[in-house]
Amino acid sequence: MSRFKGKVAVVTGGGNGIGAATATRLATEGAAVVVADIDEAGARGVTGKIAAAGGRAAACHVDIRVPEQVEAMFELARREFGPAGILINTAGVGAQRYFLDTPLETLAAMYDVNVKGTFLCAQAGARGMIKLGGGRIVNFSSHSGLLGSSGRAAYAASKGGVIALTRVMAIDLAQHGITVNVIAPGPIAVPRQKHNEERREAWLKAVPLARYGTAEDVAGAALFLVSDDASYITGQTISVDGGFTAAGLRVKNPNDYDGVKR
Ligand SMILES: NC(=O)c1ccc[n+]([C@@H]2O[C@H](COP(=O)([O-])OP(=O)(O)OC[C@H]3O[C@@H](n4cnc5c(N)ncnc54)[C@H](O)[C@@H]3O)[C@@H](O)[C@H]2O)c1
């Protein structure tokens, strides 16, 4: 498939997990991809595999909290492949702590990467896309940005912020032909995630599709949102969560009901 032939994409957080799967899939489908990450070794590992499979990719060390490094990331894209018309902001950090035990530093750390980092990358990316006459941006929130999961105060506040930020970006950038959407993943099995047995069981019960998602499940949704097929979709939050945020009360037999049956 060559849906993205001739396109240049920047994927932040591309060195691991969802970002790595997204960058790899974009390259497989013809895009030239800048794999950007604070984990430079991770980014190089991904570009190595892309190159070995015949794709085009360049690794970039970036801390998305630092404006100069974000500028340099887009400059590298321009130098290597041309201006980027696609930006996928998967880079993010998480925290898990009971609300009353959550230090202010944790809230600040979540905001720094998830909100400020996403803001900086999207702002710099959009400035380049305006010169191209349009573009596509996908940000990353979480089910935690939509629902109150225990121990997620700092993380959830930042991921809710990403959803609010995405809506405003979508509205402000619409006049330039740039679409901006946000993906809210549910539990996705990635190498860095370590869920204990209790949490695993709770997830498998709570997710209607009764499995963890894969990084490829999320990459597929991200690629759709940056493809021509999604040209009339902007400002939306797309949950990729096996039905977790759609679910209400769930029973095995919905016909087995002791109230009024019609
Ligand atoms: N895996 C899940 O279950 C899940 C669920 C909901 C939301 N998400 C979100 O999806 C996105 C990807 O998550 P993942 O599971 O692939 O995690 P991951 O930890 O495997 O990947 C995140 C990447 O972001 C990079 N990163 C972190 N801080 C950075 C910084 N300051 N500058 C540049 N890069 C930085 C990391 O080095 C890493 O490569 C994140 O935004 C995460 O919050 C993941």
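Whatever comes next refers back to the structure up there.
One structure accompanies this document, and this report is about it. Here the structure is a predicted model, which means the values were calculated and not measured.

A few words on the overall build of the protein chain. From N to C terminus, the protein chain includes seven helices and nine strands. Taken over the C-alpha trace, the protein chain has a radius of gyration of 19 Å; the compact-globule value for 262 residues is 18 Å, and the two agree within 12%. Across its three principal directions, the C-alpha atoms of the protein chain cover 65 × 45 × 40 Å. The buried share among the 262 residues of the protein chain stands at 43%. Considering only contacts within the protein chain whose residues lie at least 6 apart along the sequence, 72% involve residues at least 24 apart.

Formed by 61 residues in total, the largest nonpolar core has its most connected members in A9, V10, V33 and V35. Not counting residues within four places of it along the chain, the set of residues in contact with A9 comprises L26, A31, V33, A84, I86 and I88.

Below, the discussion takes up helix α3 (residues 67–80). Given a rise of 1.5 Å per residue, 14 residues ought to cover 20 Å, and the 20 Å separating the end C-alpha atoms of α3 matches this to within 8%. Contacts from the buried residues of α3 go to β1 (8–12), β2 (32–37), β3 (56–61) and α4 (104–132). In the stretch just after α3, G82 is the one whose phi turns positive, near 120 degrees.

Taken together, 30 residues surround the ligand, and among them G13, N16, G17, G92 and S142 come closest. Listed by contribution, the elements that provide at least two residues to the shell around the ligand are α1 (17–28) and α4. By residue number, the principal contributor to the shell around the ligand is α1, which donates three residues. Taken together, the residues of the shell around the ligand break down into 12 nonpolar, 13 polar and five charged.

Okay, the sheet that holds strand β4 (residues 86–89) next. If you trace the seven strands from one edge of the open sheet to the other, you get β3-β2-β1-β4-β5-β6-β9, paired in parallel fashion. In the strand order of this sheet, the two ends are held by β3 and β9 (237–240), each with one partner. Taken over all neighbouring pairs, the strand axes of this sheet differ in orientation by 20 degrees on average, direction set aside. Looking at chain direction, β1 and β2 are connected through five bridges and run parallel. Each bridged residue has a counterpart across the sheet, and for V10 the counterpart in β2 is V34. Against the sheet, α4 touches β1, β4, β5 (135–140) and β6 (178–185), its axis set at about 170 degrees to β5. Across the sheet, helix α5 (residues 153–173) is in contact with β5, β6 and β9; its angle to β6 comes to roughly 165 degrees.

This part covers the packing of α4 against α5. Running from N to C, α4 and α5 point in directions that differ by 20 degrees, and their axes come no closer than 8 Å. In terms of orientation, α4 lies roughly parallel with respect to α5. Where α4 crosses over α5, the two elements pack in a sense that is right-handed. Where α4 abuts α5, its residues T106, L107, M110, Y111, N114, V115, T118, F119, A122 and A126 lie against A154, Y155, A157, S158, K159, G161, V162, L165, M169 and L173. In terms of residue class, the contact of α4 with α5 is made up of 14 nonpolar, five polar and one charged.

Here is what the cut-offs are and how they apply
- Residues numbered from 1 in each chain as written.
- Predicted model: local features only at pLDDT ≥ 70, side-chain atom pairs only at ≥ 80, totals over all residues.
- Helix = DSSP H or I, 4+ residues; strand = E, 2+ residues; numbered from the N terminus.
- Rg over C-alpha atoms; globule rule 2.2 N^0.38 Å.
- Buried ≥ 20, exposed ≤ 12 C-beta atoms within 10 Å, placed from the backbone.
- Contact = placed C-beta atoms within 7 Å.
- Core = buried A, V, L, I, M, F, W, Y, C linked by C-beta atoms within 7 Å.
- Expected span 1.5 Å × (residues − 1).
- Near = placed C-beta within 6 Å.
- Nonpolar A, V, L, I, M, F, W, Y, C, P; charged D, E, K, R; others polar.
- Pairing = 2+ DSSP bridges.
- Axes fitted to C-alpha atoms, helices over the stretch in contact; angles between N-to-C directions.
- Parallel < 35°, antiparallel > 145°, perpendicular 65-115°, else oblique.
- Left-handed = near helix turned anticlockwise from the far one by under 90°.

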